[in-house]
Amino acid sequence: MLMSVELQNPLSRRCTEVRPRLSRTTTFRLTLTYAAVLVVVVASLVSLIYWQAADYMVRQGDAIVRGQVRTLLYVDGNDLPDEIDRLQIGDLRGVIHYGLFSAQGQYLRGRVFSLPAGVTLDGKPQDWLEPGFEDGARAVAKRLPNEQILFVGYDAKTLAGLRDIIFDSLWWSAAVILLLGLLLGLLTGIGPLRRVRAVQIISERIAKGDLSQRLPISARGDELDALSSLVNQMIGEIGHLLDEVKSVGDNVAHDLRTPLNKLRSNLHRMLVDWSETPESDRQYRVEKSLAAADVLLARFRALQRIAEIDCKARHAGMARFQPAQLIEQMFENYEAVAEESGIGLSLEVEAVPLLMADRELLAEALMNLLDNALKFTPVGGHVRIRLKSVRDGARIEIEDNGPGIAPHERESVLLRFGRGQGDRQVKGAGLGLAIVAAVARTHDFELRMEDAMPGLRVVLQTC
């Protein structure tokens, strides 16, 4: 038997849109949960009140029947039936019941016509579990000196009424609490539901590629706003990275085309004219091809280094050290280079607290900044290195009096292969400041370019 199996591509499946429901929102569920907990608390409190009241009324019933029995013991045996009739008539509420029986238990007088089954004649209060009487009824049975039996019972009508009132109040309060909880859940859940729906709509636009969209943030400052703020930061960083990737692709195609064409042209000409070219010319052309290849490899190594810095663990290699020592070391290393180039190099260092950073990465960033400053400063110019103390951190400045960078170009030069209009005549790949920007991102440093009038001041400052 042949079986046909239909294979589906998971990527071709249409994603089902999940719409949030009011009954599934956290606010709605929490409100109902709180209402249910409140009902349980109210029920427990009412039950405690009823238990305490019932215990009090039982003790009151015991006191009543004991007192009635004690009073009747002082009545003469011949007058006792008439006294019972009088007391029975005076009981307008109908809660106390009397019964007088012979020694053999035959009815003589009162509203109780027969002794309850199992009653003990010890004169102590006991439960009266006869039909027609409320729960909690109490009674006392005692044999009199003339061998007659006196029975006094107390019907707990007050306790029953209190129980009915408490139970009715409990049911009504539970119903009102649950209804109010449901209504409050509806009212408090609609707002977050609308906000979540707005977030969902904007997220769908972002998923379709519109990275200019941002999730809405209200003035409440709640957890949804905190999450939206974090997502907005992620979207901004993703958009920045995508723009940078696009810029890198364009710049790579533009800047590497020339050395690749030169390399191919030299190799092609050398191959065509190999037999007719003198050995010295062939060697010269090979050296030019190697130089072009070295330029390409250097640029790819710089790109790889930027990627390594960006991908480096945020706290890997981080340690506290004194930045003044690193700044002084950079000054010593570049002082002779600046002197050979006819450029003055000065150092200004203030006492700053220990810096939490990767010393090697920070040194690499400073070397790129000093290389750029010396490269673009004319002969007779001056480069200044400053370390200043600022609130909660340090500020490093590399300042020159060269041509500077136009304000509208200061963001683009931080990208890979980004170069200003005035840098086209200067040899370079446009990757030095991109490395500095990567180091600043890794350390959460603030990187700024300021006008030194004349020249450029690059600032690295702890946040």
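Calculation criteria
- Residues numbered from 1 in each chain as written.
- Predicted model: local features only at pLDDT ≥ 70, side-chain atom pairs only at ≥ 80, totals over all residues.
- Heavy atoms only, no water.
- Helix = DSSP H or I, 4+ residues; strand = E, 2+ residues; numbered from the N terminus.
- Expected span 1.5 Å × (residues − 1).
- Buried < 20%, exposed > 50% of the residue type's maximum accessible area, 1.4 Å probe, protein only.
- Lys, Arg positive; Asp, Glu negative; His and termini not counted.
- Salt bridge = Lys/Arg side-chain N within 4 Å of Asp/Glu carboxyl O.
- Polar contact = N/O pair within 3.5 Å; in protein donor to acceptor, adjacent residues only side chain to side chain.
- Contact = heavy atoms within 4.5 Å.
- Pairing = 2+ DSSP bridges.
- Axes fitted to C-alpha atoms, helices over the stretch in contact; angles between N-to-C directions.

Trainee: Explain helix 9 (residues 432–443) to me, please; I cannot follow it from the model alone.
Mentor: Given 3.6 residues per helical turn, the α-helix brings residues three or four places apart onto the same face. The end-to-end C-alpha distance of helix 9, which contains 12 residues, comes to 17 Å, matching closely the 16 Å that a straight helix rising 1.5 Å per residue would cover. Helix 9 sits mainly inside the fold: 11 of its 12 residues count as buried. Of the positions making up helix 9, those classed as buried are Gly432, Leu433, Ala434, Ile435, Val436, Ala437, Ala438, Val439, Ala440, Thr442 and His443.

Trainee: Please clarify how the side chain of Asp91 should be interpreted in this entry.
Mentor: Relative to the elements of secondary structure, Asp91 occurs in the loop between helix 2 (80–90) and strand 1 (96–101). In this structure, Asp91 is buried with no salt-bridge partner, the nearest side chain bearing the opposite charge being Arg111 at 4.1 Å. In terms of polar contacts, Asp91 uses its side chain to reach the backbone amide nitrogen of Ile96, at 2.8 Å. If near-sequence neighbours (up to four positions away) are discounted, Asp91 is found in contact with Ile96 and Arg111.

Trainee: Before we go on, may I ask you to explain the sheet that holds strand 10 (residues 393–400) in this structure?
Mentor: Strand order in the open sheet formed by five strands is 7-9-10-12-11, and the pairing between neighbours is mixed. Two strands close off the open sheet at either side, each with one partner strand: strand 7 (344–349) and strand 11 (445–451). When strand polarity is set aside, the average angle formed by the axes of neighbouring strands in this sheet is 15°. Here eight bridges tie strand 9 (residues 382–390) to strand 10, and the two strands are oriented antiparallel to one another. What sits directly across from Val390, in strand 10, is Gly393. Across the sheet, helix 7 (residues 323–340) lies against strand 7, strand 9 and strand 10, angled at about 170° from strand 7, the strand it touches most. Set on the sheet, helix 9 makes contact with strand 11 and strand 12 (456–462); between it and strand 11 the angle comes to about 140°.

Trainee: How do you make sense of the sheet that holds strand 3 (residues 126–127) when you look at a structure like this?
Mentor: One key point about sheets: their strands pair by backbone hydrogen bonds, in either a parallel or an antiparallel sense. Across the sheet, five strands lie side by side as 2-1-5-4-3; this open sheet has antiparallel pairing. Of all strands in the sheet, those with a lone pairing partner are strand 2 (107–110) and strand 3, marking the two edges. Where strand 1 lies against strand 5 (residues 149–154), six bridges are found, and the strand directions are antiparallel. Residue Gly99 lies in a different strand from strand 5, and its bridge partner there is Phe151. The sheet strands contacting helix 2 are strand 1, strand 2 and strand 5, and the helix crosses strand 1 at an angle near 160°.

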